[in-house]
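Chain and residue survey
Chain by chain, the residues run as shown.
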Amino acid sequence: MGQQDAYDVVVVGGGAAGLSGAIALARSRRRVLVVDAGSPRNAPAEGVHNLLGREGASPLALLEQGRADLEAYGGQVRRGLAVGARRTGAGFEVDLHDGAVVHGRRLLVTTGLVDELPDVPGLAERWGHQVLHCPFCHGWEVRDQRIGVLSTGPVTVHQAVLFSRLSDHVVVLAHEAPPAEADLPRLAAAGVRVVTGRVTAVEGEPGRLSGVRLEDGTAVPLDAVVVAPRMVARSAVLDDLGLEPVPHPTGTGQHYPSEPGGRTSLEGVHVAGNVTDLMAQVGPSGAAGTMAGAMLHAELIEEELAALLAAPEGAASR
């Protein structure tokens, strides 16, 4: 392996968490590489929200600026998909899809998650536009519109009540998971009515939603559909190293658990962003990446100091 392939930290995933962690490391004069597959989860969204000073910024433009910021500090970004990893005597080797291998003394994995949507025709192609999931991410953009919450489980009532603050025209589409009887008074108090019947299609012209079609043929006019995707964190790198995803405590999917600062049960491996925190938006993901980068730098400092102290007198040099 050539020296050009060896880094203090290899960051797998180039979203907000990964780039933030890499910048923290590069600003501490660490040799850092970000391996990015180029498929951010929020790419379909028109803008990032709840991010101080960058309200409404394009997700892709934000990442482009982040890459430029990193490179200005000497960090590197490599487009590619990490397909595996293994521990070596001096750290970790990460395999890329093109056959290349890069080495890092430490790993920061920020590969995000995959949103598994209900299997309803017309839903997936409108994801991130007329099909939404989070009132804090997208609620303002559909305020006062006709909103249908597709019921998929217990979180449906929570979503409907939150969206009812943004519009007086919210309905729950009972679909295959009607709300429990105990929840009906809460929905009624929030001004949310329940539409029974299985949803067979989400309809409308490209770029414009007209509503949903029920199994009996009834059309329900809507401007937006809210869903609760199953959020699943996946990482070939973490799996290869023996860290398995577990069900998230909220029941909304699965994640790779971590301690504060992103430390995992694998020595030398940290995680940040949606791969461990399913609910984190761009701001919290970036903050978690920064903290993980800082902790990795501190770990490396301690390792280097230990080596200097253990070296024969006069043999060690910085």
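Predicted model, so just to flag it, every value in this text is computed and none were measured. (Residues numbered from 1 in each chain as written. Predicted model: local features only at pLDDT ≥ 70, side-chain atom pairs only at ≥ 80, totals over all residues. Heavy atoms only, no water.)

Because each turn of an α-helix spans 3.6 residues, side chains separated by three or four positions in sequence point in the same direction. The first and last C-alpha atoms of helix α2 (residues 59–72) sit 20 Å apart over 14 residues, in line with the 20 Å expected at 1.5 Å per residue. Positive phi appears at G74, one or two residues downstream of α2, with a value of about 95°. (Helix = DSSP H or I, 4+ residues; strand = E, 2+ residues; numbered from the N terminus. Expected span 1.5 Å × (residues − 1).)

So, on to the domain arrangement of the chain. Under the domain assignment used here, the chain contains domain 1 (7–115 + 230–310) and domain 2 (118–227). A C-alpha centroid distance of 34 Å is found between domain 1 and domain 2. On the domain 2 side, the residues contacting the eight residues of domain 1 number nine residues. In total, about 650 Å² of surface goes out of reach between domain 1 and domain 2, with carbon and sulfur atoms giving 52% of it. Our enumeration of links across domain 1 and domain 2 arrives at zero salt bridges. Taken together, the links from domain 1 to domain 2 amount to two residue pairs in polar contact (both at pLDDT 80 or more). For the side of domain 1 that touches domain 2, the class distribution of residues is two nonpolar, three polar and three charged. (Domains from an automatic or database assignment. Contact = heavy atoms within 4.5 Å. Buried area = accessible area lost by both parts, 1.4 Å probe. Salt bridge = Lys/Arg side-chain N within 4 Å of Asp/Glu carboxyl O. Polar contact = N/O pair within 3.5 Å; in protein donor to acceptor, adjacent residues only side chain to side chain. Nonpolar A, V, L, I, M, F, W, Y, C, P; charged D, E, K, R; others polar.)

What follows is about the sheet that holds strand β12 (residues 199–203). Strand pairing in a sheet is mediated by backbone hydrogen bonds. Such pairs are either parallel or antiparallel. Spatial ordering of the open sheet is given by β12-β13-β14, a layout of three strands whose pairing is antiparallel. Strand pairing shows two members of the sheet lacking a second neighbour, β12 and β14 (219–221), which therefore form its edges. Neighbour-to-neighbour, the strand axes of the sheet open up by a mean angle of 25°, direction not taken into account. With three bridges joining them, strand β13 (residues 211–214) and β14 adopt antiparallel strand pairing. Residue pairing for β14: R213 is matched across the bridge by A219. (Pairing = 2+ DSSP bridges. Axes fitted to C-alpha atoms, helices over the stretch in contact; angles between N-to-C directions.)

You will see that R29, though not glycine, has its phi angle at about 65°, which is positive. Of note, R29 is situated in the loop between α1 (16–26) and β2 (32–36). Of note, the phi angle at H175 is positive, near 50°, even though the residue is not glycine. Among the structural elements, H175 can be located in the loop between β10 (170–173) and α5 (184–189).

Our focus in this paragraph is the pairing of β2. In terms of burial, β2 is largely enclosed, as five of its five residues are buried. Across the two faces of β2 the burial is the same, with V32, V34 and D36 and L33 and V35 all buried. Of the pairings in the sheet, the one linking strand β1 (residues 6–12) to β2 comprises four bridges and is parallel in character. Paired with V10 across the strands is L33, a residue of β2. (Buried < 20%, exposed > 50% of the residue type's maximum accessible area, 1.4 Å probe, protein only.)

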